[in-house]
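Coordinate analysis (summary)
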Amino acid sequence: MPCGKLEYVFTFASTIGKGVLFSPWSHADVAKLVDALDLGSSAARHGGSSPSIRTLQALNPSPANQERDWGFLIQHQLIEHTLEITVDKHTANQASIKIKLIEADYQPKVDAKLKDYAKKAIIRGFRPGKAPITMVKSMYGVSLLVEEINTILGESLNNHLKEQTFKVLGEPLPVEKVEESIDWKNQKDFEFEYKIGFVETIDVKLDSSIKGINYSIKVDQKLIDETVDNLTSQYGESTNPEVSEATDFIYGDLKSTATDFSKTTSVDTTKLSKKLAGKFIGLSKDAVVEFDAKEVKKDEWTAGFGLSDEEADAAKDSYSFVVKNINRKAKAELNQEFFDKIFGPDQVKTKKEFEDKVKETLQGSYDRESKVYTEEELKKLIVEKTNLSLPDAFLKEWLIKANEGKVTEAEVEQEYPLYAKQLSWSLISNQVAKDHGIQAEHADVIEKTKEMIREQFASSGLGAQMESSMDLFVDNYLKGNEGQNYMNLMTSVQNEKVLALVQEKIKMTDKSLSIDEFKELLDK
């Protein structure tokens, strides 16, 4: 995620005594919240009846026309007795849920488990299964009671959440009351409280009053010439001349005259200012160049001198550079050998064909980049227009607890704005898909995977061999990462369909940019 250290792992929590008992639920499809199409939707697609699946399904709301009355008492029949669940809405997106248990709610099942355990228990001094029930209860009664209450809490909370029309975010958090210690041996009635965060009905407006921009990048002759020049330089033969010239790489020792800093590095003179690069022209082995740190910009320290960001930040006063070697690359000739190195054997045969192929390759690459940028801007636009109200305080608290000490409160605060935007888009995307019957099909995932693999091998010249083994490549990739690759592509396909619909519904304006203009846009 894009969200740095935050790992959005689902857990269910029950209040036990003074502390909190967390029971992690493993489910590969929802290992990271922002990778899921919706909170719990991945599990729901798989079905099943295990606790983890049931709980995740409970986070999916019932149809929107189901009535709800906040502050009322919901009654569930459990073992022929009434289980009380009270919902109290504090704000527009946060509430508390109280669950009250009486002895009749849990004791029959606890007694049944004790009897069953007694039949199997191996206790010193007694034959297997022959220990008195009172002894078994004394030894294991409390743990069986805690286990049964945990089960009842999980099932009752899940069943209740299934009945709601709002979308629950994250997992219910137990409210820990230090002053209320539980006496498990003597107490008969129990009350547990949870906090939940949610969003109400999501109304996504998509019409011509919303204006978006479809960006594209022009591949002009200047860009083609620069690319060809870079390729001929990259694939040219290296030499070690006696005297340096402009554009050479100068290998040597860089030392600070004010500190003990020293580093052996290769200076890329093409990444230096014209004035500073001039000091590295006409040099021979063992020559010394002296310059002041003020003459060097931060990006020149990193790109030109190969310093790390930390080293560049610390750079000050004056420096000396002792030349050890000079490296120069002669440009490659535009011949068949060069053409074959770039695009594979016999793909192009003339300079004109080569430049046309370069243009085609550049255009394909920039089309993908501009498409990604357009889609990201559209996501931001629709999120702003929809203006979802998230339970920020609840989500921050949940993220800290769900990550089990892996992140600090400060890190959550820092990363939360990006996380909130991604979560908002996930909720909106799901709602649009639901409203318009958009679905990612298995066939779509297969085709998307093939496209991705073809792009990876596009310039390798292995097209024919790759196509003959495409099904194997696809199968291996989709099974990788414990099936998460498949789920990620399923999410990607649905997002693409949703964004395509968005562009149909709103007013889009085309905007063509040069590569320099596009870079300026990215830097804003």
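For the structure, check the block above.
1. Concerning the overall build of the chain
What the chain contains, in helices and strands, is 17 helices and 14 strands. Within the span of the chain, comprising 524 residues, buried residues form 42% of the whole. A sequence separation of at least 24 residues applies to 72% of the contacts in the chain between residues at least 6 apart.

2. Looking at the pattern of salt bridges
This structure, assessed with the given rule, holds 30 salt bridges. For lysine 188, the salt bridge is made with glutamate 103, and the minimal N-O distance between the two is 4.0 Å. In this pair, lysine 188 sits in the loop between strand S6 (167-174) and strand S7 (190-199) while glutamate 103 sits in helix H3 (residues 103-120), placing the two residues 85 residues apart along the sequence. When its relative accessible area of 33% is taken as the criterion, glutamate 103 is described as partly exposed. The closest approach of N and O atoms between lysine 324 and aspartate 253, which form a salt bridge, is 4.0 Å. With lysine 324 in strand S13 (residues 318-329) and aspartate 253 in strand S10 (residues 249-256), this residue pair connects regions lying 71 residues apart in the sequence.

3. Overview of the environment of glutamate 200
In this fold, glutamate 200 is placed in the loop between S7 and strand S8 (211-217). Classification of glutamate 200 as partly exposed rests on a relative accessible area of 25%.

4. Remarks on the nonpolar core
If you look at the biggest cluster of nonpolar residues, it comprises 35 residues, and the most contacted ones within it are Ile382, Leu390, Leu395, Trp398, Leu427 and Ile428. Those elements giving two or more residues to this core turn out to be S6, helix H10 (351-386), helix H11 (392-402), helix H12 (409-435) and helix H16 (484-505). In terms of residue count, H12 provides more of this core than any other element does, 10 residues in total.

5. Topic: H11
Buried within H11 are the following residues: Phe394, Leu395, Trp398, Leu399 and Ala402. Seen from one end, H11 has its buried residues packed into an arc of 130°, which puts them on one side. Contacts made by the buried residues of H11 are with strand S5 (94-101), S6, S7 and H12. Immediately downstream of H11, the backbone of glutamate 404 shows phi near 50°, a positive value.

6. Concerning the packing of aromatic side chains
Summed over all chains, the structure comprises 22 aromatic pairs. Between phenylalanine 166 and phenylalanine 198 the ring centres are 4.7 Å apart and the planes differ by 35°, which places this aromatic pair in the tilted class. Linking phenylalanine 166 in the loop between helix H4 (133-162) and S6 with phenylalanine 198 in strand S7, this pair joins segments that are 32 residues apart in sequence. Across the pair, phenylalanine 198 and phenylalanine 166 agree in class, each one buried.

7. Thoughts on the environment of glycine 197
Residue position: glycine 197 is located in strand S7. Along the backbone, glycine 197 and leucine 169 are 28 residues apart, and their C-alpha atoms lie at a distance of 5.5 Å. Ignoring anything within four residues of it in the chain, the contact list for glycine 197 reads Asn93, Lys167, Val168, Leu169, Pro391 and Phe394.

8. Observations regarding the packing of H10 against helix H17 (residues 515-523)
Axis angle and axis distance: for two packed helices, these are the angle between their axes and the distance between the axes, and together they describe the pair. Packing of H10 against H17 leaves a shortest axis separation of 12 Å and a crossing angle of 30°. The two elements H10 and H17 cross, and the hand of that crossing is left-handed. Here Tyr366, Glu369, Ser370 and Tyr373 of H10 lie close against H17, whose contacting residues are Ile515, Phe518, Leu521 and Leu522. The class makeup of the residues in the contact of H10 with H17 is 6 nonpolar, 1 polar and 1 charged.

9. Quick notes on the packing of H10 against H12
Viewed as axis vectors pointing N to C, H10 and H12 meet at an angle of 80°, and their least axial separation amounts to 10 Å. As the angle between them shows, H10 and H12 are arranged roughly perpendicular. On H12, the residues touching Lys379, Ile382, Val383 and Thr386 of H10 are Lys421, Ser424, Trp425 and Ile428. In terms of residue class, the contact of H10 with H12 is made up of 4 nonpolar, 2 polar and 2 charged.

10. So, a negative patch on the surface
A surface patch of negative charge is lined by Asp220, Asp225, Asp516, Glu517, Glu520 and Asp523. On the secondary structure map, glutamate 520 appears in helix H17. The exposure class of glutamate 520 is exposed, given its relative accessible area of 55%.

Cut-offs and rules
Residues numbered from 1 in each chain as written. Predicted model: local features only at pLDDT ≥ 70, side-chain atom pairs only at ≥ 80, totals over all residues. Heavy atoms only, no water. Helix = DSSP H or I, 4+ residues; strand = E, 2+ residues; numbered from the N terminus. Buried < 20%, exposed > 50% of the residue type's maximum accessible area, 1.4 Å probe, protein only. Contact = heavy atoms within 4.5 Å. Salt bridge = Lys/Arg side-chain N within 4 Å of Asp/Glu carboxyl O. Core = buried A, V, L, I, M, F, W, Y, C linked by side-chain atoms within 4.5 Å. Arc of directions from axis to C-beta. Phe/Tyr/Trp six-rings, centres within 6.5 Å; stacked < 30°, edge-to-face > 60°. Axes fitted to C-alpha atoms, helices over the stretch in contact; angles between N-to-C directions. Left-handed = near helix turned anticlockwise from the far one by under 90°. Nonpolar A, V, L, I, M, F, W, Y, C, P; charged D, E, K, R; others polar. Parallel < 35°, antiparallel > 145°, perpendicular 65-115°, else oblique. Patch = residues over 30% accessible without salt bridge, like charges linked within 9 Å, V, L, I, M, F, W, Y side chains within 5 Å. Areas by Shrake-Rupley, 256 points an atom, 1.4 Å probe, with all protein chains shown as cover. Lys, Arg positive; Asp, Glu negative; His and termini not counted. Charge placed at Lys NZ, Arg CZ, Asp CG, Glu CD.

Any functional reading would require information that these geometric values do not contain.
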